[in-house]
Amino acid sequence: MLSLLSFMHAFVDGICASVMLGQITPAFTAEAAVLVLFYNLLAFSTQGLTGLLTDRIGHHRELTLISAALLIAGLLFPCPPLASAVFKTCLVGLGNSLFHVAGGAKVITRSAKKALPLGIFVAPGAMGLTLGTLFPSLGGIFAVLLAACCVGLCFIKDELPSATSNKNSADMPLTPMVLFAAAALLFCIFSRAFGGSIVAFPWKSTALLSIITTAAVVAGKMLGGLLCDRFGAVKTTAISIPLAAVLVIFCSQWMLPSLAGQLLLNLSMPISLWLLCLLLPQNPGFAFGLAASFLYPGTLFAMFLPDAPLLRTSVSAAVFVINTVLMIFAAVYISKRSKTAV
């Protein structure tokens, strides 16, 4: 099931990019920025709420199928006039939100407290987003593939109950330290989105180079889960984040160091998500959605930071330093509280 959900993740993000950049933006140039902002708010900022809904309802497979139906309907829904475009944006935005928390919750409940499955699930979304952005005409192909995956999903035997499988795991009491650990992880997620958006790559001038850059991101997310399970969250983040900071901040003009920086930066993605899930073992959908809701603010912060080289370098360095300290603190604290080696 993990492989199927991972492929679905790529098709979901590909459909969303195809709709927003291939159908809505060209047809409504004056309103495009507002519609894209509206989509991002629906797709990311609502995931905490849809995650709570998912945890309450359970039935992750059924909710995943509903999310796919919303996305395919959004792709096929006619675009003009503007009211239809708004409704189309709602369909793909909410479909995206629901898929991530429902699919993510299903992966979490089957992961046996390992980070690698989370890395495998989240990684392909970046490639789907890039392909949908570069080639919006692929939206129809993504929809057919997503529908085929839905059919396959219906025939896979579910070894776990549809509701959360962690009934024997107790949530940590919401003490100030638990809340601080959760806030620390959310800042780290914010920081990763910021670090991925703060620099421009002058060498990334073709579609092929964009795909290669995305491949480094995908590899980083998958490798991050693997390294976390093998060496632990503390060692992996303590080494990868400082190295990523140097390469991201100071080496963006060169291709190979930039690719290495993006790979290293994304190692922490499944780790921070995994740690947050350890804090909220009975609420996997909420944990996944809460993490995703901090991605867009990080991107916006990077976009609206004044274009002053010294300021951007100083802020970036500070963000990376704080990120490293908070990740190590959260990993050590959660290890002690959850009795799980991290």
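Residues numbered from 1 in each chain as written. Predicted model: local features only at pLDDT ≥ 70, side-chain atom pairs only at ≥ 80, totals over all residues. Heavy atoms only, no water.

Draft legend 1. Expanded view of the nonpolar core. Leu-275 and Leu-279 are the most contacted members of the largest nonpolar core, which has 89 residues in total. Within the second largest apolar cluster, five residues are counted, among which are Ala-126, Met-127, Val-217 and Val-218. (Core = buried A, V, L, I, M, F, W, Y, C linked by side-chain atoms within 4.5 Å. Buried < 20%, exposed > 50% of the residue type's maximum accessible area, 1.4 Å probe, protein only.)

Draft legend 2. Layout of helix α3 (residues 47-57). Restricting attention to buried positions, one finds in α3 the residues Gln-47, Gly-48, Thr-50, Gly-51, Thr-54 and Asp-55. Projected down its long axis, α3 shows its buried positions confined to an angular sector of 165°, all on one face. Exposed and oriented more than 90 degrees from the buried face of α3 are Leu-49 and Arg-56. Among the structural elements, α2 (32-45), α4 (60-76), α5 (82-109) and α14 (284-292) are those in contact with the buried residues of α3. Taken from the residues just after α3, Gly-58 is the one with a positive phi, measuring 75°. (Helix = DSSP H or I, 4+ residues; strand = E, 2+ residues; numbered from the N terminus. Arc of directions from axis to C-beta. Contact = heavy atoms within 4.5 Å.)

Draft legend 3. Here's a closer look at the packing of α4 against α5. Direction vectors running N to C along α4 and α5 enclose 155°, while the axes themselves pass 8 Å from each other. Compared by their axis directions, α4 and α5 come out roughly antiparallel. Crossing angle aside, the handedness with which α4 passes α5 is left-handed. Residue-level inspection shows His-60, Arg-61, Leu-63, Thr-64, Ile-66, Ser-67, Leu-70, Leu-71, Ala-73, Gly-74, Leu-75 and Leu-76 of α4 in contact with α5, the latter providing Lys-88, Leu-91, Val-92, Gly-95, Asn-96, Leu-98, Phe-99, Ala-102, Gly-103, Ala-105, Lys-106 and Thr-109. (Axes fitted to C-alpha atoms, helices over the stretch in contact; angles between N-to-C directions. Parallel < 35°, antiparallel > 145°, perpendicular 65-115°, else oblique. Left-handed = near helix turned anticlockwise from the far one by under 90°.)

Draft legend 4. Up close: the layout of surface pockets. For the largest pocket, the calculated volume is near 1,500 Å³. Surrounding the largest pocket, 50 residues form its lining, Phe-44, Ala-126, Leu-129, Ser-197 and Thr-299 being those nearest its centre. When the residues that make up the lining of the largest pocket are grouped by side-chain class, the tally is 29 nonpolar, 17 polar and four charged. (1 Å grid on protein atoms, 1.4 Å probe; cavity = no way out; pocket = protein on both sides within 12 Å on 5 of 7 lines; lining within 4 Å. Points joined across faces, edges and corners; volume = space filled by probe spheres on them. Nonpolar A, V, L, I, M, F, W, Y, C, P; charged D, E, K, R; others polar.)

Draft legend 5. Spotlight on the packing of aromatic side chains. Using the criterion set out here, one finds 12 aromatic pairs in the structure. Residues Phe-7 and Phe-11 carry aromatic rings whose centres are separated by 6.5 Å and whose planes lie at 20° to one another, so their mutual orientation is stacked. Here Phe-11 and Phe-7 lie together in helix α1 (residues 2-27), a separation of four residues that amounts to about one turn. Note on Phe-329 and Tyr-333: the rings are 6.0 Å apart at their centroids and 15° apart in plane angle, and the pair reads as stacked. Of the two residues, Phe-329 and Tyr-333 both sit in helix α16 (residues 309-338), four residues apart, roughly one turn of that helix. By the ring-pair criterion, three or more aromatic residues cluster together here, those being Phe-187, Phe-190, Phe-194 and Phe-301. (Phe/Tyr/Trp six-rings, centres within 6.5 Å; stacked < 30°, edge-to-face > 60°.)

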